[in-house]
Amino acid sequence: MSPPPDRPEILDSDHLSARTRAILTSRLSAPETQPRTLSLQAYAVLDALLPVLLPLDEILPPGTYINMTARIDAALSGPRDGWRFANLPPDAEAWEAALLTLDDVAAEQHGIRFIHLAPELRGTLLDAMMTGQLGLDRDGRLSIPQMARWAGDLRGEVADCVMSDPRVQQALGISSSLTGGDTVFQGFTEVGPNSREDFEPKATAPLAQMADSRE
Amino acid sequence: MNSTTVMKTFGETDIVDAVIIGSGAGGAPLAAELARNGKTVVVLEAGPAFTAMGHTPDEIAARELYWLHERLSAGTNPQAFGGNNSGTGLGGSLLHYGAFMPRMDARDFHLHTETGKGVDWPFGLDELLPYIERVESFIGVSGPASYPWDPTRRYAYPPPPANSAALKMREACDALGLRHADGPAALITRKIEQPHFGTRHGCANCGACHQGCRNSAKSGADNTWLPMAVAHGAELRPGCFAHTIERDTSGRVTGVVYRQNGVEHRQKCATLVLAAGAVETPRLLLTNGLANSSGQVGQNYMTHVSTQVWGEFDEDIRPNRGYPSLTITEDMMRPKDADFVGGYLIQSLGMMPATWGQNLARSTTTRGPAFARALAGYNRSAGMGINGECLPRPENRVTLSNEKDAFGIPKPLIEHSYGPNEWAMHNHAANLLSRMWEAIGAKDIRVIDRAAHMIGTCRMGTDAGSNVVNPKGRSFDIDNLWISDHSIFPSAAAANPALAIMALSLRTADAMLKA
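In this numbering scheme, every chain counts its residues from 1 along its sequence in written order. Starting at A for chains and at 1 for ligands, labels are handed out in the order in which the entities are written. Owing to the predicted nature of the model, reporting of local features is limited to residues with pLDDT of at least 70; listing and counting of side-chain atom pairs is limited to 80 or more, with chain, interface and lining totals taken over all residues. Excluding hydrogens and water, the side-chain figures rest on all heavy atoms present in the structure.

Looking up chain A in an unreviewed UniProt entry gives the name Gluconate 2-dehydrogenase subunit 3 family protein, with the organism given as Gluconobacter oxydans.

And the structure:
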């Protein structure tokens, strides 16, 4: 199988262990077409919400696409990190309920489903959720305080998903995966400011290029 | 473990001198000490046996080092466990700890005497110091040639190189007239042959301490105490989740029931040591209804006030590189302008990207291009963070929730709320650290309000009516039950807990050998 066209160069570094390379490479794979955890309705809300929360075109090179929706949906069925807020149901259930809450509020406030809202209106609903002004007191939905807590989980999950993607690491010039190979564990020789080593990626994202441009 | 060592094994019907539940900072030193003195020891560890070179800097995959049995977090400051959670696997939380290894301040043992608030320890630093020095000497700790707050102290290894955050914090301290030094770090900076383990290499500055050290430079239990325990005849059993403590008609412990690969097993023992941490230790006692005549099991859960302040610089900082938290100042251990009791340590912070991104994401509500710009600032970011005293409070505790886990055991509910002292300390630190960053030109300064570590819940003291264990770690209610972990800390103190846990572990082993 030929590698995807947007395969980041860091994956070919000898500063990467085989295990880490396999983990990062798995994130390049074309995602499943069917949701693994969420209902189709909740999945669609998540898909419509993510570009408003964190537009990746601000970070990635043109033509590069990361299916965050599929990754997060799959992650919700995998091993989690060992805790949750006590006022929220288990993660998979909380995400389903939160996304359906957003959809119901969209319908009640604007007469159309969340996915059909203009991006500005989607953003307004997210802002209301994050600042403790959006929620529903009914079965299978989350209340205002629950939505505010879940907003933190959503933001944390998105940050995890993005910062652990090799295409993002390449674009932002992040060398955190390149701690050392299997036969030689190189680590870093230079650790101070303005001392990028040759094997470390340079940022390509315009947003992150300020420092590199000074070299 | 050293590949030439053959581990001794015990039969389930053998009555071993001691079963220890937990193989981390609390259990491992004690296991080694008992075994070295001829006692038969079985260590039950819920997690697997990892190999150092198998660790990965990938933060998502490295969650395998966290305790993953779900915990429910409540209160007005519910703790975001994640990377701050207990560990799992042979070596416990030391597999993923940051190896920042300050000693407890002598004043923190007597906070109540000093201030009328908090709780005193039943002894002072002089009692623990010999054990602290033994721990530092055996596991390997690096530090400066002269430590400004304790010039008599010596470290066996020179510090690793200062990374960008450490250098920036030095500048910031200088700007505000604070003293600073390379902090004590539990890692070695030159290659050694560790007795009973094998080769440990010097720190390679890879920065992934929290994801597991791949060349054994970081001093954990897996490359120090546990190999020593095995060399002296202890058996380590990974993958064993202990859930039931069995007793005879007189109430003394006779054995432990645990699950391994879905099958129940029983190990008989003359003595039981709980070393499962400030959540699992009280959870075991509460589910078994044991050792709680004081009503204190699970009470007085504490953390550290661990406020962070991050800033962006016009330089390529690359916060993933180098030992993450090298620079320390202890000048805030009793600040003159404090409106709180106790004090805090400040350390520089580098950080891996997903952990950093999570902290940023959870502490702000920006979205759209502003959120993307904030994340894109990773390579320009440096942080500082504190570890500060957290007073014991009755509303902070570990109890059993109504929800059961896969074993049919109630999940723990951890309630955690800051009181006035914690908020005052947070505000003091947020203000000071922000001024420090401003003084050296940092931009986009961001305060992250967070708590770290898990402390208390089985308090140690002299009075059986208000403590779970005596000053040596022995249960007041059951004479062959001991606790050796941070659950017995009467107060949180400011220092990161791993060193004191290990020192107490050796001290409790001494007491057990004399009992």
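Okay, back to it.
*Asks:* Which residues make up the overall build of chain B, and what values do they have?
*Replies:* Here a strand is any run of E in DSSP of at least two residues, a helix any run of H or I of at least four, and the numbering for each starts at the N terminus. Looking only at helices and strands, chain B has ten helices and 20 strands in total. Taken over C-alpha atoms, the radius of gyration is set against a globule rule of 2.2 Å times the number of residues to the power 0.38. Taken against the 2.2 N^0.38 rule, which gives 24 Å for 515 residues, the C-alpha radius of gyration of chain B at 22 Å falls within 12% of a compact globule. Buried positions account for 67% of the 515 residues belonging to chain B. Contact between two residues is taken to exist if any of their heavy atoms lie within 4.5 Å; hydrogens are not considered. Residue pairs at least 24 apart in sequence account for 74% of intrachain contacts in chain B once pairs closer than 6 positions are excluded. In short, Shrake-Rupley with a 1.4 Å probe defines the accessible areas, and a residue's cover is counted only from the protein chains shown. Accessible surface, chain B as shown: approximately 16,200 Å² in total, 50% of it carbon and sulfur. Across chain B, the centroid of the 47 positively charged side chains sits 2 Å from that of the 50 negatively charged ones. Each residue's exposure class comes from its accessible area (1.4 Å probe, protein chains only) as a fraction of the maximum for that residue type: buried when under 20%, exposed when over 50%, partly exposed otherwise. Positive charges come from Lys and Arg alone, negative charges from Asp and Glu alone, with His and the N- and C-terminal ends not counted. Each charge is placed at NZ for Lys, CZ for Arg, CG for Asp and CD for Glu.

*Asks:* Could you give an account of the side chain of Thr303 of chain B, naming the residues involved and the relevant values?
*Replies:* Residue and element names in this part refer to chain B. For Thr303, the position within the fold is in strand β11 (residues 299–305). Here Thr303 falls in the buried class, since its relative accessible area comes to 0%. Contacts described as polar in this section are N or O atom pairs within 3.5 Å, which, within protein, must combine one atom able to donate a hydrogen with one able to accept it, while residues neighboring in sequence count only if both atoms come from side chains. Only 2.9 Å separates the side chain of Thr303 from the side chain of His416, close enough to count as a polar contact. Contacts of Thr303, omitting those with residues within four sequence positions, involve Gln79, Gly388, Cys390, His416, Ala451, Ala452, His453, Ile455 and Ala492.

*Asks:* Now, about the packing of aromatic side chains: what can you tell me, with residues and values included?
*Replies:* When the centres of two rings from Phe, Tyr and Trp lie within 6.5 Å, Trp using its six-membered ring, the rings pair. Their planes under 30 degrees apart give stacked, over 60 give edge-to-face, and anything left gives tilted. This structure, assessed with the given rule, holds 16 aromatic pairs over all chains. Seen from their ring centres, Trp95 of chain A and Trp150 of chain A are 5.1 Å apart, and the 80 degrees between their planes marks the pair as edge-to-face. Of this pair, Trp95 of chain A sits in helix α4 (residues 91–110) while Trp150 of chain A sits in helix α6 (residues 144–163), and the two are 55 residues apart along the sequence. The buried category is assigned to Trp95 of chain A, whose relative accessible area is 1%. An angle of 20 degrees between the planes, with centres 5.7 Å apart, marks the rings of Phe188 of chain A and Phe199 of chain A as stacked. With a gap of eleven residues between them, Phe188 of chain A in the loop between α7 (166–172) and α8 (209–212) and Phe199 of chain A in the loop between α7 and α8 connect regions that are remote in the sequence. Judged by relative accessible area, Phe188 of chain A falls into the buried class, the value being 2%. One aromatic cluster is present, formed by Phe109, Trp121, Phe123 and Phe489 of chain B through successive ring pairs.

*Asks:* Please give an account of the state of the cysteines that cites residues and values.
*Replies:* All names here are of chain B. Cysteine sulfur pairs qualify as disulfides if the two atoms are within 2.5 Å. Enumeration according to the criterion identifies zero disulfides over all chains in this entry. The structure places no disulfide on Cys203, whose sulfur is separated from the nearest cysteine sulfur, that of Cys209, by 6.2 Å. Lacking any disulfide linkage, Cys213 is separated from the closest cysteine sulfur, that of Cys206, by 6.5 Å.

*Asks:* Mind laying out the environment of Arg214 of chain B, listing which residues take part and the relevant values?
*Replies:* Mapped onto the fold, Arg214 of chain B is located in the loop between β6 (198–200) and α5 (225–231). Taking C-alpha positions, Arg214 of chain B is 19 Å from Ala354 of chain B, a pair spaced 140 residues apart along the chain. If sequence neighbours within four positions are ignored, Arg214 of chain B has contacts with Ser17, Thr179, Gly180, Gly181, Asp182 and Phe185 of chain A together with Ala52, Met53 and His55 of chain B. Polar contacts involving the side chain of Arg214 of chain B include one to the main-chain carbonyl oxygen of Gly181 of chain A, which spans 3.1 Å.

*Asks:* Residue-level account of the packing of helix α1 (residues 28–36) of chain B against helix α10 (residues 498–514) of chain B, with values.
*Replies:* Residue and element names in this part refer to chain B. Only the stretch in contact is used when fitting a helix axis, every axis being a line fitted to C-alpha atoms; angles between N-to-C directions are given from 0 to 180 degrees. Running from N to C, α1 and α10 point in directions that differ by 35 degrees, and their axes come no closer than 8 Å. When the axes of α1 and α10 are compared, the crossing they make is right-handed. Across the interface between the two elements, Pro29, Leu30, Glu33 and Leu34 of α1 pack against Met502, Ser505, Leu506, Thr508, Ala509, Asp510, Met512 and Leu513 of α10. The hand of a helix crossing depends on one turn: near helix anticlockwise from the far one by less than a right angle means left-handed, and clockwise means right-handed.

*Asks:* Describe the interface of chain A and chain B, with residues and values.
*Replies:* The interface is formed by 66 residues belonging to chain A together with 71 residues belonging to chain B. Carbon and sulfur atoms supply 56% of the area that chain A and chain B bury against each other, a total of about 5,600 Å² over both sides. The working definition used for a salt bridge is a side-chain nitrogen of Lys or Arg within 4 Å of a carboxyl oxygen of Asp or Glu. The tally of links between chain A and chain B comes to ten salt bridges. Its salt-bridge partner being Glu403 of chain B, residue Arg84 of chain A comes within 2.7 Å of it at the nearest N-O pair. Between the two partners, chain A and chain B, sit 38 residue pairs in polar contact (both at pLDDT 80 or more). Breaking the side of chain A that touches chain B down by element, the ones donating at least two residues are α1 (18–26), α2 (40–53), β1 (83–85), α5 (119–130), α6 and α8 of chain A. Here the side of chain A that touches chain B takes eight residues from α6 of chain A, the largest share from any one element. Two strands pair under a simple rule: DSSP has to find at least two bridges between them. Here three bridges tie β1 of chain A to strand β3 (residues 71–74) of chain B, and the two strands are oriented parallel to one another. Using a 1.4 Å probe, buried area is obtained as the accessible area two parts lose upon being combined, added over both of them.

*Asks:* Please give an account of the layout of surface pockets that cites residues and values.
*Replies:* Residue and element names in this part refer to chain A. There is about 850 Å³ of room inside the second largest pocket. Points on a 1 Å grid, built from protein atoms alone, make a cavity when a 1.4 Å probe fits but cannot get out and make a pocket when they are open with protein on both sides within 12 Å along at least 5 of 7 lines; residues with an atom within 4 Å of a point are the lining residues. Forming the walls of the second largest pocket are 34 residues, and the residues nearest its centre are Ser26, Arg27, Arg71, Ala74 and Ala75. Looking at the lining of the second largest pocket, the elements that each hand over two or more residues are α1, α3 (68–75) and α6. Throughout this entry, Asp, Glu, Lys and Arg are counted as charged residues, while Ala, Val, Leu, Ile, Met, Phe, Trp, Tyr, Cys and Pro are counted as nonpolar. The remaining residues, Gly among them, count as polar. Each residue belonging to the lining of the second largest pocket can be placed in one class, and the counts come to 17 nonpolar, five polar and twelve charged. Grid points are joined across faces, edges and corners, and a volume is the space filled by probe spheres set on the points.

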